[in-house]
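A structural walkthrough
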Amino acid sequence: MIALIQRVTQASVTVAGERIAAIDAGVLALVAAEPDDTEARAERLAERVLAYRIFADDAGRMNLGAITADKAVLAVPQFTLAADTRRGNRPGFSTACPPERAEPLFVHFADALAARHPRIATGRFGADMQVSLVNDGPVTFWLTA
């Protein structure tokens with residue numbers, strides 16, 4: 001699985017004009033599944049998202065993860081992260097997990113986050129979402145599991 005994580009001062013998801021999820025300072029995780037992904041990979045990625053040290057400690061160094069810094073996580077399914085962009089000017093999606101497999105993997109990922117940390121919000125799988133964010137830093141990392 002893939003997660004593009006961003007340290008944010010705020011982030012939200014809107015679907016059909018309704019704000020369905022929002023966080024203040026924390027992590028925005030855009031998440032995609034690939035065809036060979038498993039529940040074990042979803043759990044490993046959840047652990048990495050929560051533990052990845054992108055928040056400053058008392059000395060100003062990036063030494064704290066979302067749990068230790070007590071920051072929220074907004075997880076948003078985004079299959080386009082798994083696109084094949086190596087050729088031409090149009091992405092191919094044969095490298096993305098089919099929706100009927102990807103949705104349960106995303107739900108498992110979100111459940112794994114929530115089992116480890118109480119401050120979790122999610123986007124809606126398959127919805128046309130508008131994601132708003134203020135990237136802090138900017139700090140952005142590409143994680144895999």
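All residue numbers refer to positions counted from 1 along the written sequence of the respective chain. Per-residue local features are limited, in this predicted model, to residues with pLDDT of at least 70; the limit for side-chain atom pairs, both in listing and counting, is 80 or more; totals at the level of whole chains, interfaces and linings are taken over all residues. For the side-chain quantities, the full set of heavy atoms in the structure was used; hydrogens and water were omitted.

1. A look at the overall build of the protein chain
Put simply, the rule reads: Each helix corresponds to a stretch of at least 4 residues labelled H or I by DSSP, and each strand to a stretch of at least 2 residues labelled E; elements are numbered beginning at the N terminus. It is over C-alpha atoms that the radius of gyration is taken, and the globule rule equals 2.2 Å times the number of residues to the power 0.38. Only protein chains enter the accessibility calculation, which uses a 1.4 Å probe; a residue whose area is less than 20% of its type maximum is buried, one above 50% is exposed, and one in between is partly exposed. By definition, residues are in contact when any of their heavy atoms lie within 4.5 Å. Note on areas: these come from Shrake-Rupley sampling with a 1.4 Å probe, and a residue is covered only by the protein chains present in the view.
Scanning the protein chain from terminus to terminus reveals 2 helices and 8 strands. Seen in sequence order, the protein chain has helices and strands lined up from the N terminus as β-β-β-α-β-β-β-α-β-β. A compact globule built from 145 residues should have a C-alpha radius of gyration of about 15 Å, and the protein chain, at 15 Å, falls within 12% of that. The C-alpha extent of the protein chain, read off along each of the three principal axes, is 45 × 35 × 35 Å. By residue count, 41% of the 145 residues in the protein chain fall in the buried class. The long-range share in the protein chain, meaning contacts at least 24 apart out of those at least 6 apart in sequence, stands at 72%. Carbon and sulfur atoms form 48% of the exposed surface of the protein chain, whose accessible area is close to 7800 Å².

2. Looking at the nonpolar core
Rule in force here: In these notes, a set of buried Ala, Val, Leu, Ile, Met, Phe, Trp, Tyr and Cys residues joined through side-chain atoms within 4.5 Å is what counts as a nonpolar core.
Counting residues in each nonpolar core, the largest one holds 27 residues, and the members touching the most others are Val49 and Phe109. For this core, the secondary structure elements donating two or more residues are strand 1 (2-15), strand 3 (26-32), helix 1 (39-51), strand 6 (72-77), helix 2 (99-116) and strand 8 (129-144). With 6 residues, helix 2 is the single largest residue contributor to this core. Residues contacting Val49, with those up to four places away along its chain left out, are Ala3, Ile5, Val27, Ala29, Val73, Phe109, Leu113 and Leu143. One finds Val15, Ala21, Leu81 and Ala96 within the second-largest nonpolar core, a separate group that totals 19 residues.

3. Focus on the pairing of strand 3
Heads up, the rule is: Strands pair, by our definition, only if DSSP identifies at least two bridges between them.
The element strand 3 is largely enclosed, with a buried count of 7 among its 7 residues. Bridge analysis of strand 1 against strand 3 gives 7 bridges, and the strand direction is antiparallel. Counterpart to Leu4 in the pairing with strand 3 is Leu30. Direction of pairing for strand 3 relative to strand 6: parallel, over a ladder of 6 bridges. Note that in strand 6 the partner of Ala29 across the bridge is Ala75.

4. Some points on the packing of helix 1 against helix 2
So the rule is basically this: In this analysis an axis means a line fitted to C-alpha atoms, helices contributing only their contacting stretch, and an angle means the value between N-to-C directions, from 0 to 180 degrees. Note on terminology: angles under 35 degrees are roughly parallel, angles over 145 are roughly antiparallel, angles of 65 to 115 are roughly perpendicular, and the others are oblique. Crossings are sorted by hand: turned counterclockwise from the far helix by less than a right angle, the near helix makes the crossing left-handed, and turned clockwise it makes it right-handed. Following the grouping adopted for this structure description, the nonpolar residues are Ala, Val, Leu, Ile, Met, Phe, Trp, Tyr, Cys and Pro, the charged ones are Asp, Glu, Lys and Arg, and the polar ones are all others, Gly among them.
Put simply, helix 1 and helix 2 touch, their axes get as near as 8 Å, and they point 45° apart. As far as their axial angle goes, helix 2 and helix 1 are oblique. Read as a crossing pair, helix 1 and helix 2 show a hand that is right-handed. Judged by residue contacts, Glu39, Ala42, Glu43, Leu45, Ala46, Glu47, Val49 and Leu50 of helix 1 engage Leu105, His108, Phe109, Ala112, Leu113 and Arg116 from helix 2. Here the contact of helix 1 with helix 2 is built from residues that sort into 9 nonpolar, 1 polar and 4 charged.

5. Things to note about the environment of Glu43
Looking at the element boundaries, Glu43 is found in helix 1. Remark: the alpha-carbon pair of Glu43 and Phe109, spanning 66 residues in sequence, is separated by 5.8 Å.

6. Regarding the packing of aromatic side chains
In plain terms, the rule: Each pair of aromatic rings taken from Phe, Tyr and Trp, with Trp reduced to its six-membered ring, is defined by centres within 6.5 Å and is described as stacked if the planes are under 30 degrees apart, edge-to-face if over 60, and tilted in the remaining cases.
For the structure shown, the criterion picks out 3 aromatic pairs. Relative to Phe93, the ring of Phe79 has its centre 5.0 Å away and its plane inclined at 55°; by these criteria the two rings are tilted. Placement of the pair is Phe79 in the loop between strand 6 and helix 2 and Phe93 in the loop between strand 6 and helix 2, with a sequence separation of 14 residues. Here the aromatic rings of Phe106 and Phe109 are separated by 6.3 Å at their centres, their planes lie at 35°, and the arrangement is tilted. On the criterion of helical spacing, the pair formed by Phe106 and Phe109 is a turn pair, its members being 3 residues apart in helix 2. Each member of the pair, Phe106 as well as Phe109, carries the same accessibility label: buried.

Without other data, these values stay purely geometric and don't point to any function.
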